[in-house]
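Spelled out, the chains give:
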Amino acid sequence: MFVAICRFGLAARFGAVAALCLAAASGPVPAQRNRTGARAAPHAVTRPLVLWYDRPALAWMTEALPIGNGRLGAMVFGGTADERIQFNENSLWTGTEVNTEDHAKEGAYQSFGDIRIRLPGQTSRTRYRRSLDISRAIAGVEYTANGITYRREYLASHPDEVIAVRLEADSPGGYTGEIELSGAHGDHVSSADGRLSFSGQLDNGERYEAALLVLNDGGSLHSSGAKIAFDGCDALTLYLAAGTDYAPDYRRLWRGTDPHGRIEGQLRAVARRPFTSIAAAHERDFRALFDRVSLDLGASPVDRAALPTDQRLAENAKSGGDPELEALYFQFGRYLLISSSRPGTLPANLQGLWNESNNPPWNCDYHSNINFQMNYWAAEVTNLSECHLAMLDMIRSAIEPWRRQTEAAPEFRLASGLPVRGWAIRTESNIWGGTTWNWNK
């Protein structure tokens, strides 16, 4: 997400890694090759690639940590007494194919909803650590409260198409509290049998649905309204599935099947397996892409490397001298691209995959004058060619509406009055083939 995301917000939203795009854009490292020019075998990352902080996030834009499977993503805040996990699915968009010069009518990428985990009595804590291991694509939180050490793991699985959260403690019966699910469009949430769910329809007719499955080890669950209460549990596992009826097919008017059946199937599949199996499959899938490239810029001073990432970045801004942090910036760019662009998904938009607003800056759209392309500058040169496919597939799916819009535009009439052949695109575009603002000629 490199230069475009620096300009339009994503890298800037993670304060500790705001300089990521500069490191990546100034010199992406190509896949390693041996002396014959053949591609070398994948190799493991040699240094820890972990962002970590000594307090929970307060601001979505600058502090929360991103996870994503290309289609489904979330921002993790890491609260103790009140945890927030804001989530997105990349096909939830307002707008239509209607072509206009009015930016406001183009439509916009939408927030999907929030999960809240409330744990009374855990406001005071010690030994707090919030982290994101970008070599495994797993976020974590660990702290001690009331003499109990609590640990959480968060991931967005591409193989299993869910966001998964695991909560554990070193004392039996350590979890009592409640879990709440909410939609970003005033949705009614129902609960039954350890599940929370909502569904709805946007003004453009797009249907959407999300469901959260809660599984307990020990203790008990009780469903009520938009919440599930839990009492005396040893551990908890949460699986979130979400989707829409969008299909990247102009001939079908961009509509596919209702998401309900897919969501049900995804949750049934993960409910039959332990969290360790879900996490292992996720990590294998992610590392098959991520581990293709390593970057060694030298070792950092031990005292600098021991700092939380935000403090480390501040020290580096004052005096430099932290080459491992610079390597982390570079790899974080690859992490973001893998997390927000996979084959079969929509491509990364102006904020990648992550957005908490229903009226985001620049509609969180695809700016085709240069920013869309910038997102993918690193795909080939950092050995992530598969991640490029989402961009190419979207272009193919929209050629027909773009051709029709070009044919109808007075700007492209020949002297004879006939339309030109081929197609062009305006600067702002959405997933429905609609475009606005200036033509890119």
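Residues numbered from 1 in each chain as written. Predicted model: local features only at pLDDT ≥ 70, side-chain atom pairs only at ≥ 80, totals over all residues. Heavy atoms only, no water.

Draft legend 1. Structural view of the overall build of the protein. Each helix and strand in the protein was counted, giving 11 helices and 19 strands. Per-residue burial for the protein yields a buried fraction of 54% across its 441 residues. Of the contacts formed within the protein by residues at least 6 apart in sequence, a portion of 66% connects residues at least 24 apart. Surface exposure of the protein reaches about 17,800 Å², of which carbon and sulfur atoms provide 53%. (Helix = DSSP H or I, 4+ residues; strand = E, 2+ residues; numbered from the N terminus. Buried < 20%, exposed > 50% of the residue type's maximum accessible area, 1.4 Å probe, protein only. Contact = heavy atoms within 4.5 Å. Areas by Shrake-Rupley, 256 points an atom, 1.4 Å probe, with all protein chains shown as cover.)

Draft legend 2. Spatial organisation of the pairing of strand β9 (residues 162–169). Of all 8 residues making up β9, 7 are buried, and the element is well covered by its neighbours. Note that strand β8 (residues 148–157) and β9 share 8 bridges and pair antiparallel. Following the sheet pairing, A156 is matched in β9 by I163. With antiparallel pairing between neighbouring strands as the criterion, β8 and β9 make up a hairpin whose turn holds 4 residues, including E161 at a positive phi of roughly 60°. (Pairing = 2+ DSSP bridges.)

Draft legend 3. Structural detail: unusual backbone geometry. In this structure, E161 takes a positive phi of about 60° despite not being glycine. Here E161 lies in the loop between β8 and β9. E161 gets classed as partly exposed once you look at its relative accessible area, which sits at 22%. In this structure, C364 is a non-glycine residue whose phi angle is positive, near 55°. Counting through the fold element by element, C364 comes out in the loop between α8 (323–340) and β17 (366–367). Taking relative accessible area as the criterion, C364 reaches 0% and is therefore assigned buried.

Draft legend 4. Here's a closer look at the environment of D310. Secondary-structure assignment places D310 in helix α7 (residues 309–319). Through-space distance from the C-alpha of D310 to that of E63 is 9.2 Å; in sequence the pair is 247 residues apart. There is a polar contact of 3.1 Å between the side chain of D310 and the side chain of R55. (Polar contact = N/O pair within 3.5 Å; in protein donor to acceptor, adjacent residues only side chain to side chain.)

Draft legend 5. Spotlight on the confidence of the model for the protein. Looking at the protein, the pLDDT average stands at 89 and 88% of residues meet or exceed 70. Ignoring residues within four places in sequence, the model shows residues 1–45, a span with pLDDT below 50, making 114 contacts including any to other chains. (pLDDT = per-residue confidence, 0-100.)

Draft legend 6. Representation of the pattern of salt bridges within the structure. Scanning all chains against the criterion turns up 32 salt bridges. Among the salt bridges present, the one from R195 reaches E264, with a minimum N-O distance of 2.6 Å. Note that R195 is positioned in strand β12 (residues 195–201) and E264 in helix α4 (residues 260–271), a separation of 69 residues in sequence. A relative accessible area of 17% means that E264 is categorised as buried. Two residues, R396 and D393, come together in a salt bridge whose shortest N-O distance is 2.8 Å. You can see R396 and its partner D393 sitting in helix α11 (residues 385–408), 3 residues apart, about one turn around the helix. In this structure R396 comes out as exposed when scored by relative accessible area, which is 54%. Given the relative accessible area of 35%, D393 is considered partly exposed. (Salt bridge = Lys/Arg side-chain N within 4 Å of Asp/Glu carboxyl O.)

Draft legend 7. Quick peek at the sheet that holds β17. In spatial order, the strands read β17-β18-β19; together these 3 strands make up an open sheet with antiparallel pairing. The two strands at the open ends of the sheet, each matched to only one other strand, are β17 and β19 (435–440). For β17 and strand β18 (residues 425–429), the ladder comprises 2 bridges, and the chain directions are antiparallel. From the neighbouring strand, H367 faces β18, where its bridge partner is E428. Here α11 sits on the sheet in contact with β17, β18 and β19, set at roughly 80° to β19. (Axes fitted to C-alpha atoms, helices over the stretch in contact; angles between N-to-C directions.)

Draft legend 8. Just the pairing of β8, in detail. Most of β8 is tucked away: 8 of the 10 residues are buried. Between strand β7 (residues 138–145) and β8, which follow one another and run antiparallel, lie 2 residues, and N146 among them has a positive phi close to 55°.

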